[in-house]
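Reading the structure
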Amino acid sequence: MTTELYFIYDSHCPWSYATTPLVNALQAAYPQMTVHLLHSAHYIGTDSAGEAQMAAAAKISGLKFGRDHIRYVNSPKNSIKTANLMAWLQAKQPEKQLVTLNAIQRAHFIEGNPLDNKHDFNAIVENCKLSPSNKIFKDELSMEAEYVLENIIEIQQVIGTTGFPVLVMTVDDNAIFIDHSLYLNNPQAVVAAVEKEIAAIK
C-alpha cells in the first residue's frame, strides 16, 4: 500500500495552523507515508486573515495564539519568503518539512514573529539544521515555489475547490478527501476516520 498526503496551506493562515496537528497525527500513524506540504503563498503583504478568523480558529481548535500575534493580527501578512523556504525544503530536505512547518507556525502564531525578512528565520534555520541559500529570502517567489503553485492548481482542479487549507490522502490509485473542519478539536480522530476510508477501499 502506497500512501501520500497532500496539504495545501499558507503558513500565515490561522486555519492552516489549526490543521497542521491533523497532518502531524496522520504522519505519526503512517510513518512510511510521503507528505507533500504545498504552500499556496496567498498572503503577499496586502491583507491578513484578521482577528475574526483567528478567534474562530482558536475557539474551534483550542490552539493558543500569542499576545504579540494577537496585537498585530490585522496587519498585512507576507508569506512569500516562507513559501520559498518550504519549496526549497521539499526539493532538498523533504524529511525536515513537517518539523520546520511546525516551528514556523509556532514562531508566527505564538511568538508573534512576522517572518518577513531573512533575520526572522535565523532561529528556525539553526534549530532545524537547514542550509538555504540567500536567494530563498527574496521578495518574489522562487522557481521552486512557482512549481508548487502549479501542483496546487492541478490538485484544485481535481477536487473542485480553490480554498485552503486542503487535505487529500492517496492510497495506491484512490484519493481520500479529508474534511479537516471535522477534526480541528480532536486531531487523533482524523486517523480513525482515514482508517475507515482505507478499509472501505480494500
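Figured I'd write up the structure that's included with this text. (Residues numbered from 1 in each chain as written. Predicted model: local features only at pLDDT ≥ 70, side-chain atom pairs only at ≥ 80, totals over all residues. Heavy atoms only, no water.)

Among the nonpolar cores identified, the biggest contains 50 residues, and L5, L26, L37, M169 and I178 are the most heavily contacted of them. In this structure, L37 is in contact with F7, Y9, V23, M86, Q90, Q97, L98 and L101, ignoring residues within four places of it in sequence. Judged by nonpolar contacts, the second largest core, of nine residues, contains I8, A87, A145 and V148. (Core = buried A, V, L, I, M, F, W, Y, C linked by side-chain atoms within 4.5 Å. Buried < 20%, exposed > 50% of the residue type's maximum accessible area, 1.4 Å probe, protein only. Contact = heavy atoms within 4.5 Å.)

Let us now look at unusual backbone geometry. In this model, F164 is joined to P165 through a cis peptide bond whose omega is 0°. When you line up the elements, P165 lands in the loop between helix 7 (143–159) and strand 5 (166–171). Even without being a glycine, D172 presents a positive backbone phi close to 55°. Here D172 shows up in the loop between strand 5 and strand 6 (174–178). A relative accessible area of 46% means that D172 is categorised as partly exposed. (Helix = DSSP H or I, 4+ residues; strand = E, 2+ residues; numbered from the N terminus.)

Turning our eyes to something else, we now look at the pattern of salt bridges. Under the defined criterion, the tally for this structure stands at two salt bridges. Among the salt bridges present, the one from R71 reaches D68, with a minimum N-O distance of 3.7 Å. One end of the pair, R71, and the other, D68, are both in helix 3 (residues 67–71), three residues apart, so they sit about a helical turn from each other. A relative accessible area of 59% means that R71 is categorised as exposed. Residues D139 and K81 are paired through a salt bridge, measuring 2.4 Å at the closest nitrogen-oxygen approach. Residue D139 is found in the loop between helix 6 (122–127) and helix 7, and its partner K81 is found in helix 4 (residues 80–92); the two are separated by 58 residues along the sequence. (Salt bridge = Lys/Arg side-chain N within 4 Å of Asp/Glu carboxyl O.)

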